[in-house]
Amino acid sequence: LRYQNFSDQTDLVFNYGMFSFNTPHFVFRFVKGETDYQLGITPYPYFESEYALRGSSVYEQELNLTPAEKWKLLSLLEENYRPENRVYRYNYFYDNCTTRARDQIERSIDGTVVYPEGKEGKTFRSIVHEFTAGSSWDELGIDLCLGAEADKPIDSRLQMFAPFYMRDFAAQAYILQPDGSRRPLVVKETKIVDVVPEEAAPSFPLSPMLCASCFLALLVLVAWWQWRIGRIWWGWDLLLFGLQGLAGCIITFLFFFSVHPTVGSNYLLILFNPIPLIYLPVMVYKTIKGRKDLYHWANILVLTLFIAFWSVIPQKINLVVLPLALSLLIRSLTHIICIYRKQHK
């Protein structure tokens, strides 16, 4: 929120998106969903320079407030900036630096802000995907963490967690005053920082789907060779089931312990959980000894059901997961076939 007072040459930006990486245990708290943001005040020239240097344009919407409402908004911001009030528990979808600014504006207005209807069919995940387009690895990482709650349709108010959605809704909103009259919320919009975005740093050239598909093809080739020679290479178990278990540890932690929104309803917990990692020493021991292992029968059953009922799971699952699930299934099937052949020679 930008505050300008031309009589005393004041030009400040109130920013609810400030945080410090130096906060103790920052990474752990971030993963757990206990990230604290705070309201900061920056002179506008510094704010403008920061965004220009990083290649980000800035659009300014001038609010259609009465003098009394402007003073009330400034008072709310100053009260919020007190040391005991400025820090808040950040929540990416429900309470972030965009929604905080919106809420303060609404509190200052003598009347009710009426927004247009939300865009039909939008979910938290679909909106996030709009801004990760072209960054398939980032999108995959986010999809692995978000659960079924991220796929529920959301209304206009919830869609405002995204700054550009907030901008569009504010441009069409109006203030319904106590006497029944209306006035637009935004008087005009100006592009106050106009820069050419910097080219994104080159990412890994191969897409997640291509990598997963190549890994599946390699695993099929390895499975064929092991079937031909009648011997299991347990090193593949360390790699494949170890990675599955490590990914499962992250998803399990988010599912049971994180307070991040939507991560506690993740059906990928069926596929990615710590069980393979915990069981891995036993699996390798039985493989070396050439013994039957019921784990692989159970794994095939779970993976077959997961793939068969893919379309009815109430969660949008990234398609990259499919070749990964098939890789795990083929690995367990290879174990069963090779052990059976060895014991029936």
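For the structure itself, look to the data block above.
Note that the structure is predicted; figures quoted are calculated from it, not measured.

**Q** Looking at this structure, I do not really get the packing of aromatic side chains. What am I missing?
**A** Think of a pair of aromatic rings as described by two things: how far the centres are apart, and how the planes are tilted against each other in angle. With the rule as written, the count across this model stands at 21 aromatic pairs. Residues Tyr-16 and Tyr-88 carry aromatic rings whose centres are separated by 6.2 Å and whose planes lie at 70° to one another, so their mutual orientation is edge-to-face. Here Tyr-88 lies in strand β5 (residues 87–89) and Tyr-16 lies in strand β2 (residues 10–18), a separation of 72 residues in the sequence. Given the relative accessible area of 2%, Tyr-16 is considered buried. Note on Tyr-88: relative accessible area 4%, which makes it buried.

**Q** Quick question: what am I supposed to make of helix α10 (residues 234–256) here?
**A** In this model, α10 (23 residues) spans 31 Å end to end at C-alpha, consistent with the 33 Å of a helix rising 1.5 Å per residue. Inspection of α10 places Trp-236, Asp-237, Leu-240, Phe-241, Gly-242, Gln-244, Gly-245, Gly-248, Ile-251, Thr-252 and Leu-254 among the buried residues, and these make up the whole buried set. Its buried side turned inward, α10 meets α1 (26–32), α6 (136–145), α9 (208–229), α11 (275–289), α12 (294–308) and α13 (321–343).

**Q** How should the pattern of salt bridges be read in this particular structure?
**A** One side chain can pair with another of opposite charge once the charged atoms of both are near each other. Tallied over the entire structure, the rule returns 20 salt bridges. In this structure, Arg-2 engages Glu-60 in a salt bridge whose closest nitrogen and oxygen atoms are separated by 2.7 Å. Of this pair, Arg-2 sits in strand β1 (residues 2–5) while Glu-60 sits in strand β4 (residues 58–63), placing them 58 residues apart in sequence. Judged by its relative accessible area of 30%, Arg-2 is partly exposed. The residue Asp-103 makes a salt bridge to Arg-157 at a minimum N-O spacing of 3.4 Å.

**Q** Mind showing me how you'd approach the layout of surface pockets here?
**A** The gaps of empty space that remain are located by a probe, the size of a water molecule, rolled over the atoms. Counted as a void, the second largest pocket has a volume near 520 Å³. Around the second largest pocket, the lining comprises 20 residues; the ones closest to its centre are Leu-140, Leu-243, Ala-247, Phe-272 and Leu-324. Where the lining of the second largest pocket is concerned, the elements lending two or more residues are α6, α9, α10 and α13. Here the residues of the lining of the second largest pocket are counted per class, giving 17 nonpolar, 3 polar and no charged.

**Q** Explain the sheet that holds β5 to me, please; I cannot follow it from the model alone.
**A** Hydrogen bonds along the backbone pair up the strands of a sheet, which may run parallel or antiparallel. A sheet is described by the order of its strands in space; here 4 strands give the open sequence β1-β2-β3-β5, paired in antiparallel fashion. In this open sheet, the two edge strands, each paired with only one partner strand, are β1 and β5. Mean inter-strand twist for the sheet, computed between neighbouring axes without regard to direction, equals 25°. Bridge analysis of β1 against β2 gives 4 bridges, and the strand direction is antiparallel. Counted as the bridge partner of Gln-4 is Asp-11 from β2. Sheet strands in contact with helix α2 (residues 44–53) are β1, β2 and β3 (36–43), and its direction is about 110° off that of β3. In the packing of helix α3 (residues 67–80) onto the sheet, contacts are made with β1, β2 and β3, and the angle to β2 comes to roughly 50°.

**Q** Before we go on, may I ask you to explain unusual backbone geometry in this structure?
**A** Among all residues except glycine, the phi angle is most often negative; among peptide bonds, the trans geometry is most common. Phi at Gln-9 takes a positive value of approximately 60°, unusual for a residue other than glycine. Looking at the element boundaries, Gln-9 is found in the loop between β1 and β2. Judged by relative accessible area, Gln-9 falls into the exposed class, the value being 69%. Even without glycine at this site, Thr-262 takes up a positive phi of about 75°. Mapping Thr-262 onto the fold places it in the loop between α10 and α11.

**Q** When you look at the sheet that holds strand β6 (residues 112–114) in this model, what are you seeing that I'm missing?
**A** A sheet is described by the order of its strands in space; here 3 strands give the open sequence β6-β7-β8, paired in antiparallel fashion. With one partner strand each, in any of the chains shown, β6 and β8 (182–184) form the two edges of the open sheet. Shown here is a sheet whose adjacent strand axes are inclined to one another by a mean of 30°, direction ignored.

**Q** Sorry if this is basic, but what is going on with a nonpolar patch on the surface here?
**A** Together, Leu-218, Leu-221, Trp-224, Trp-225, Trp-227, Ile-229, Leu-333 and Ile-337 make up a nonpolar patch on the protein surface, roughly 740 Å² of accessible area in all. When contributions to the nonpolar patch are tallied by element, the ones reaching two or more residues are α9 and α13. When residues of the nonpolar patch are assigned to their parent elements, the largest contribution, 6 residues, is made by α9. Examined against the element boundaries, Leu-218 turns out to sit in helix α9.

**Q** When you look at the side chain of Thr-262 in this model, what are you seeing that I'm missing?
**A** Judged by its relative accessible area of 2%, Thr-262 falls in the buried class. Setting aside chain neighbours within four positions, we find Thr-262 in contact with Phe-93, Phe-124, Leu-146, Gly-147, Ala-148, Glu-149 and Ala-150.

**Q** Explanation requested: the environment of Val-186 in the structure shown.
**A** Counting through the fold element by element, Val-186 comes out in strand β9 (residues 186–193). Judged by relative accessible area, Val-186 falls into the buried class, the value being 10%. Along the sequence, Val-186 and Ala-173 sit 13 residues apart, while their C-alpha atoms lie 7.5 Å from each other. What Val-186 contacts, discounting residues up to four positions off in sequence, is Gln-61, Glu-62, Leu-63, Asn-64, Ala-170 and Ala-171.

Rules used throughout
- Residues numbered from 1 in each chain as written.
- Predicted model: local features only at pLDDT ≥ 70, side-chain atom pairs only at ≥ 80, totals over all residues.
- Heavy atoms only, no water.
- Phe/Tyr/Trp six-rings, centres within 6.5 Å; stacked < 30°, edge-to-face > 60°.
- Helix = DSSP H or I, 4+ residues; strand = E, 2+ residues; numbered from the N terminus.
- Buried < 20%, exposed > 50% of the residue type's maximum accessible area, 1.4 Å probe, protein only.
- Expected span 1.5 Å × (residues − 1).
- Contact = heavy atoms within 4.5 Å.
- Salt bridge = Lys/Arg side-chain N within 4 Å of Asp/Glu carboxyl O.
- 1 Å grid on protein atoms, 1.4 Å probe; cavity = no way out; pocket = protein on both sides within 12 Å on 5 of 7 lines; lining within 4 Å.
- Points joined across faces, edges and corners; volume = space filled by probe spheres on them.
- Nonpolar A, V, L, I, M, F, W, Y, C, P; charged D, E, K, R; others polar.
- Pairing = 2+ DSSP bridges.
- Axes fitted to C-alpha atoms, helices over the stretch in contact; angles between N-to-C directions.
- Patch = residues over 30% accessible without salt bridge, like charges linked within 9 Å, V, L, I, M, F, W, Y side chains within 5 Å.
- Areas by Shrake-Rupley, 256 points an atom, 1.4 Å probe, with all protein chains shown as cover.

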